[in-house]
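Single-letter residue listing:
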Amino acid sequence: MSSPVEVRMIVNGTPRAGRCEPRKLLIDFLREELGLTGTHAGCEHGVCGACTILVDGVAARSCLMFAVQADGATLTTVEGLADGDELHPLQQAFHRHHALQCGFCTPGMLIAALDFLATNPEPSEAEIRDALSAVLCRCTGYQNIVKAVADAAEKMRAAGGAS
Amino acid sequence: MADPDVLRPKHIGARVRRVEDPRLLTGQGAFADDRIVPGALHIAFRRSDHAHALISGIDTAAAAAMPGVFAVYTAADLEGLVEPLRATSRMRNYHATPLYPLARGRVRHVGEPVVAVLAEDRYRAEDALDGIAIDYAPLAAVSDPRAALGADAPVLHEEAGTNVLAEREFSRGDIAAELAAAPIRVGGSFRFHRKAPTAIENRACIAEYDRGRRLLTLTSSTQIPGVIRDALADLLDMPGHSVRVVAADVGGGFGGKASLYPEEILVAVLARRLGRAVRWTGDRLEDLATTSHGFDEIIDAELALDRDGTMLALSAEVIGDVGAYSIYPWTAALEPVQVVSFMPGPYRVPTYRGRVRAVATNKAPTGPYRGVGRPIATFVMERLVDMAARRLSLDPAELRRRNLVRPEEFPYRVASGIVWDRSGFGECLERACAAIDYPKLRTDQGKARAAGRLCGVGIASYAELTGIGSRISAAPGMPINTGTETATIRLDSTGAVTGNFGIASHGQGLETTLAQVIADELGARLADIQILQGDSALVAHGTGTYASRSAVLAGGAAVSAARLLKERIIRAASHLLEAAVEDIDAADGRVFVSGTDRSLSFREIARAVYTEIGRLPRDAREELEVTKVYDPFFGTATAATHIAALEIDPQTCKVRLDRYVVAEDCGRVINPMIVDGQVHGAVAQGIGAALTEEIVYDEAGQLLTASLVDYVIPAASEVPPIETIHLDTESPSTLGGFRGMGEGGTIGAPAAVANALADALAPLGAEIFELPMTPERLFRLITEATAQARGD
């Protein structure tokens, strides 16, 4: 334990700052200091993936990072996916395909899928299953999540092609 | 009458997208730990690292002096503040065990809370745990339930005088004579190991006390806010209106959040005492060590048949390892007794004897887990059926066909006393076989087997009792009423419809499905209906969501209340439209006079009743709020057949599921999208139970699977696509025609996978008696069977 330090980061496009102990986990900083409770802690040992966020554009477990490690970084959390009232194509696809039940893993699942589709915009079902095995869901049996991600990929490709 | 096309139900049966989704997809959910209350004190628990010990001394002075620490509590500090909780039962030969929020003088399992530190944040509370010194005098621990039955075994609860906390026997006919006379007998000793519910949201709770109003509010990740409200009101001697339990969004439960926990009692007691908010956020280690476990039974079972495959008799002797305490409110009888209640399954079994003992050991308590007893009963019975089929050289589907209760035999009384109402027992089998093209599957399997591959096909048929009413308790002998459910439906002065319920959705989408039911019954627009649930303040009595009850009971209450409210709306409309009640009906949020263009919106009627005084005669202004309680009394049978096709990799012993089909009869389907989702998720949990998920304690009672690295739940790459077929063979007598189905997948899947594994290994002469069949167990089984085949 040592004295609090200043942490600055850009979260969902907005500059944010706060003070915390160097040992404060990034997920706790997001939830408690910044009030962004959409990101959830499911295991706090890096297995379940519920806490997945984008750090400088890459998926990371916010339960395995200290907030000070994200000082100066650009973060995206589930709260930053929608454009105003317009849901992100992944969120829309999850809604359309019933890809969430309790919704607790969903923020991590959405961010992991976003990260995955950025690197593989046209994935096979097996590739989606492989990529999503980074996030555990206990409600859906994954079937509708896989469908939703495939559908979102198609819609995102179409939208990308049109622009 | 109005146009029947307008009146045809259109929301029930439709794939209506969920109203819960927008908030959950955008990070706006309200899970217990999302509730940020400035100034709240955080609790961290120092938990027992002994399986069984006397506490000879606790020194908390150093912890209390640590920075940020507000107070440290032990059991001694709680004397006089709270009474112990006891899960009582009407069952004979049952022993309740007292549950204290903090261990009092003795610990009985690893993870039991002993000391609570309250600090300004969770980090400081956890820091202070290192400043606590507890002196333990270790006692002999018992982790094997068979050993716990021994005369020299340590007794966990001296006041009980025995480790057998509950005992039950069901019997019909002369089992000894039938077994002795039967030409075909198959059997063995089966073992289904302990598992964990493992919701992705760990348990968490926060209690707030409003001194001015003397109002205690507990926000908790629970499935049973109503049960907890009633228990806390008793324990704290407070009136029910001064204790409110809220379970807003809950991140999965699966039974693990369906009991009252020491942590919930403690935060409530301390918040009231201190007048400050007190919170606890459990971590995954605490979840795996202390959230109620599931299953854990040893079953010696034997099935007797005639030479034509007709079942004659079934015998089962069950030992249920229930852990250290009898869980509240369900009791230690809940899980093991239902193993013998459901063992005969969907078959005609004329003679039966099932005996069960619930045995205390130095492990975390077992409690409700998705399926409760039925997954074990189905595993054993379906294994026996397949073993018998092999002995008789009959196809497993054909042997089932010959023994499933036939349509003309309903209602059928099971030897344990359960009564099955008509459900598609045989129809599910046939539809599942057709969907998977069973004959072709067998042909393909034959080819693969000829090529030396370990491919198997497994069938599991089962029936479960759902929507259980007041005739029997959801847990045998439990004195709490779980057989009724309340709905209050209101048309307010703006024309909006609100439905208040005592259930507590935790992923099932009940805010959507109950709105669908009300929309059709009331003739309202879906968009005008809001469902409130997960809050003990909503109705006079509620329990929560568990035991595949909510669609049946809350759905029935919604039907009943909506019908009465609709009558009142139409009576008001008949005055306003000057038409006979018989000529008026409602749809899409409007009432219509048949054969005319005269109509009024619900909003216009609401205004006329509530605010535009004078538009209706005084005695015609009826209250537009209706409360109805629904009690299905017996409950209703949901039936299903699962078929799994898999292949075992002999090198790695990894199992790959290639096909999975579920055909089920859950009556009238409210929302097929949601029903499919429930089946997918439940089957995935059943696959986990069959292949990987196991809570392991060593002989000294130490927990060896305390992280998600050691306790392995299925990931996306391990669950196959699941094909579902819904049948509604004959509508049940439940109001609305709904049957429960949230647990079914977990009931069928372990048995289907076990039978498929046994089928895959049949060329080696190996049988499956144990689940989960982890790669290590498969490796041993294959190695032994291969050695035996070689004659080593």
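Each chain carries its own residue numbering, running from 1 in the written order of its sequence. Each chain gets a letter, beginning with A, and each ligand a number, beginning with 1, in the order they are written. Note on the predicted model: pLDDT of at least 70 is required for a residue's local features to be given, and 80 or more for side-chain atom pairs to be given and counted; whole-chain, interface and lining totals, by contrast, use all residues. Values reported for side chains reflect all heavy atoms of the structure, with hydrogen atoms and water molecules removed beforehand.

Student: Teacher, can you tell me more about the overall build of chain A here?
Tutor: Every helix listed is a DSSP run of H or I at least four residues long, and every strand listed is a run of E at least two residues long, numbered separately from the N terminus. Of the regular secondary structure elements, chain A holds five helices and five strands. Listing the helices and strands of chain A from first to last along the sequence gives β-β-α-β-β-β-α-α-α-α. The size measure is the radius of gyration over C-alpha atoms, and the globule rule it meets is 2.2 Å times the number of residues to the 0.38 power. Its C-alpha radius of gyration of 16 Å places chain A within 12% of the 15 Å reference for a compact globule of 163 residues. Each of the three principal axes of chain A carries a C-alpha extent, and together these read 50 × 35 × 25 Å. Counting the 163 residues in chain A, one finds 55% classified as buried. Residue pairs in contact within chain A that sit at least 24 positions apart in sequence constitute 56% of those at least 6 positions apart. Accessible surface computed for chain A: about 6300 Å², of which carbon and sulfur atoms make up 51%. On chain A, the mean spot of the 13 positive side-chain charges and the mean spot of the 19 negative ones are 4 Å from each other. Relative accessibility decides the category of a residue: with a 1.4 Å probe and only protein chains considered, values under 20% of the type maximum give buried, values over 50% give exposed, and everything between is partly exposed. Here a residue-residue contact requires only that any non-hydrogen atoms of the pair lie within 4.5 Å. Computed by Shrake-Rupley with a 1.4 Å probe, the accessible areas treat only the displayed protein chains as cover when residues are assessed. Charged residues are defined narrowly, with Lys and Arg counted positive, Asp and Glu counted negative, and His plus the chain ends left uncounted. Charge coordinates come from a single atom per side chain, which is NZ of Lys, CZ of Arg, CG of Asp or CD of Glu.

Student: Would you take a moment to explain the overall build of chain B for this structure?
Tutor: Within chain B, the regular secondary structure consists of 21 helices and 29 strands. Here chain B has a C-alpha radius of gyration of 28 Å; the compact-globule value for 792 residues is 28 Å, and the two agree. Referenced to the eigenvectors of the C-alpha coordinate spread, the extents of chain B come out at roughly 95 × 70 × 45 Å. The proportion of buried residues among the 792 residues of chain B is 66%. Once local pairs closer than 6 in sequence are excluded, the contacts in chain B between residues at least 24 apart make up 80%. Summed over its atoms, the accessible surface of chain B is roughly 27000 Å², and 49% of this surface lies on carbon and sulfur atoms.

Student: Can you walk me through the packing of helix α19 (residues 672-691) of chain B against helix α20 (residues 744-760) of chain B in this structure?
Tutor: Packed helices, taken two at a time, are described by the angle between their axes plus the distance between the axes. Residue and element names in this part refer to chain B. Two elements in contact, α19 and α20, have axes separated by 7 Å at closest approach and are oriented at 45°. Viewed along their axes, α19 and α20 adopt a mutual orientation that is oblique. Crossing angle aside, the handedness with which α19 passes α20 is right-handed. Packed against α19, whose contacting residues are A682, V683, Q685, G686, I687, A689, A690 and L691, the element α20 presents G745, T746, A749, P750, V753 and L757 at the interface. Taken together, the residues of the contact of α19 with α20 sort by class into ten nonpolar, four polar and no charged. Between N-to-C directions, angles span 0 to 180 degrees; the directions come from axes that are lines fitted to C-alpha atoms, helices contributing only their stretch in contact. By the definition adopted for this analysis, an angle is roughly parallel if under 35 degrees, roughly antiparallel if over 145, roughly perpendicular if from 65 to 115, and oblique otherwise. Take the far helix as your reference; a near helix turned counterclockwise from it by less than a right angle gives a left-handed crossing, and one turned clockwise gives a right-handed crossing. Just so you know the grouping, Ala, Val, Leu, Ile, Met, Phe, Trp, Tyr, Cys and Pro go in nonpolar, Asp, Glu, Lys and Arg go in charged, and all remaining residues, Gly too, go in polar.

Student: Would you explain the pairing of strand β10 (residues 215-220) of chain B in this entry?
Tutor: Taken residue by residue, a regular strand's side chains alternate between the two faces of the sheet. All names here are of chain B. Across the six residues that make up β10, a large majority, five, are buried. Whether two strands pair depends on DSSP finding at least two bridges between them. Bridge analysis of strand β9 (residues 204-210) against β10 gives six bridges, and the strand direction is antiparallel. Of the residues in β10, the one forming a bridge with C205 is S220. When β10 meets strand β11 (residues 243-246), the two strands line up parallel, connected through four bridges. For L216, the partnering residue across the bridge sits in β11 and is V243. As for the winding sense of the linkage, the β-α-β connection from β10 through helix α8 (residues 225-235) to β11 is right-handed. Crossover handedness is defined by viewing with both strands directed away from the observer: a clockwise path from the first strand over the helix to the second marks the crossover as right-handed.

Student: Could you clarify how one ought to interpret the layout of surface pockets in this entry?
Tutor: Over the atoms rolls a probe the size of a water molecule, and its path tells where empty space is left. Residues and elements named next belong to chain B. Two kinds of site are reported from a 1 Å grid over the protein atoms alone, namely cavities, where a 1.4 Å probe fits but cannot get out, and pockets, open sets with protein on both sides within 12 Å along at least five of seven lines, and residues are called lining when an atom falls within 4 Å of a point. Grid points are joined across faces, edges and corners, and a volume is the space filled by probe spheres set on the points. Quantified by volume, the largest pocket comes out at close to 630 Å³. Around the largest pocket sit 32 residues that line it, and R168, R471, I472, S473 and P476 are the ones nearest its centre. Secondary structure elements with two or more residues in the lining of the largest pocket: β7 (164-172) and α11 (334-342). When residues of the lining of the largest pocket are assigned to their parent elements, the largest contribution, four residues, is made by α11. Split into classes, the residues belonging to the lining of the largest pocket amount to 16 nonpolar, eleven polar and five charged.

Student: Whenever I open this one, the packing of aromatic side chains confuses me. Can you help?
Tutor: All names here are of chain B. Centre distance within 6.5 Å is the pairing criterion for rings of Phe, Tyr and Trp, where only the six-membered ring of Trp is used; planes under 30 degrees apart are then read as stacked, over 60 as edge-to-face, and the remainder as tilted. In total, this model carries twelve aromatic pairs over all chains according to the counting rule given. Between the aromatic rings of F342 and W420, the centroid separation amounts to 6.2 Å while the plane-to-plane angle is 40°, which identifies the pairing as tilted. Within this pair, whereas F342 is found in helix α11, its partner W420 is found in strand β17 (residues 419-420), the two being separated by 78 residues in sequence. With a centroid separation of 5.1 Å and 70° between ring planes, the pair formed by F633 and F634 is classed as edge-to-face. You can call F634 partly exposed: its relative accessible area is 48%. Three or more aromatic residues link up through ring pairs in this structure, and these residues are F190, F192, F295, Y369, F379 and F769. Its end group placed over the ring of Y261, R203 keeps NZ or CZ at 3.6 Å from the ring centre. Any Lys NZ or Arg CZ that is within 6 Å of a ring centre and within 35 degrees of that ring's normal is treated as a charge sitting over the ring. Just above the ring of F70 sits the side chain of R276; from NZ or CZ to the centre is 4.9 Å.

Student: Looking at this model, I keep getting lost on the interface of chain A and chain B. Mind explaining?
Tutor: How large an interface is tends to be reported as the accessible area lost when its parts come together. The interface of chain A with chain B comprises 46 residues on the first partner and 58 residues on the second. Defined in terms of a 1.4 Å probe, buried area is the accessible area two parts forfeit on being brought together, summed over both. Here chain A meets chain B over a buried area of about 4300 Å², counting both sides, of which 57% is carbon and sulfur. Only one rule defines a salt bridge in this text: a Lys or Arg side-chain nitrogen within 4 Å of an Asp or Glu carboxyl oxygen. Summed over the shared surface of chain A and chain B, the result is six salt bridges. Its salt-bridge partner being R31(A), residue D33(B) comes within 3.4 Å of it at the nearest N-O pair.

Student: Can you help me understand the pattern of salt bridges in this one?
Tutor: Any two side chains of opposite charge can pair, so long as their charged atoms come close to each other. What the rule picks out here adds up to 78 salt bridges over all chains. The salt bridge involving K363(B) is made with D296(B); its shortest N-O contact spans 3.6 Å. Taken as a pair, K363(B) in the loop between β15 (351-360) and α12 (374-392) and D296(B) in strand β13 (residues 294-305) lie far apart in primary sequence, 67 residues in all. Take K363(B): its relative accessible area is 6%, and that puts it in the buried class. Overlapping salt bridges bring together E21(A), R23(A), E120(B), D121(B), R124(B) and D127(B) as one network.

Student: What exactly am I supposed to notice about the nonpolar core here?
Tutor: Soluble globular proteins tend to bury their nonpolar side chains together. To define a nonpolar core, start from buried Ala, Val, Leu, Ile, Met, Phe, Trp, Tyr and Cys residues and group those joined through side-chain atoms within 4.5 Å. Formed by 229 residues in total, the largest nonpolar core has its most connected members in F94(A), I43(B), W330(B), W420(B), I648(B), Y660(B) and L757(B). Ranked by residue count, the leading element in this core is α12(B), at eleven residues. Those residues in contact with I648(B), other than ones at most four positions away along the chain, are L454(B), C653(B), K654(B), V655(B), L757(B), A760(B), L761(B), L778(B) and I782(B). V497(B), I531(B), A557(B) and Y630(B) belong to the second largest nonpolar core, which has 48 residues in total.

Student: Any chance you could explain α8(B) here in plain terms?
Tutor: Residues three or four positions apart in an α-helix share a direction because the helix packs 3.6 residues into each turn. All names here are of chain B. Among the eleven residues that make up α8, nine are buried, leaving the element largely enclosed by the rest of the structure. For α8, the complete set of buried residues consists of P225, G226, V227, I228, R229, A231, L232, A233 and L235. Next to the buried residues of α8 lie β10, β11 and α9 (262-274).

Student: I'm lost on the domain arrangement of chain A in this one. Help?
Tutor: Residues and elements named next belong to chain A. According to the domain assignment, chain A consists of domain 1 (5-80) and domain 2 (89-158). Each of domain 1 and domain 2 was reduced to a C-alpha centroid, and the two centroids are 21 Å apart. On the side of domain 2, 14 residues touch domain 1, which itself brings 18 residues to the contact. Here domain 1 meets domain 2 over a buried area of about 1100 Å², counting both sides, of which 67% is carbon and sulfur. If you look at where domain 1 meets domain 2, you find zero salt bridges. Between N or O atoms, a polar contact is any pair within 3.5 Å; within protein, one atom must be a potential hydrogen donor and the other a potential acceptor, and residues adjacent in sequence are included only when both atoms are from side chains. Linking domain 1 with domain 2 are five residue pairs in polar contact (both at pLDDT 80 or more). For the side of domain 1 that touches domain 2, the elements supplying multiple residues, two or more each, are β3 (52-55) and β4 (58-61). Domain start and end points were adopted from an automatic or database domain assignment.

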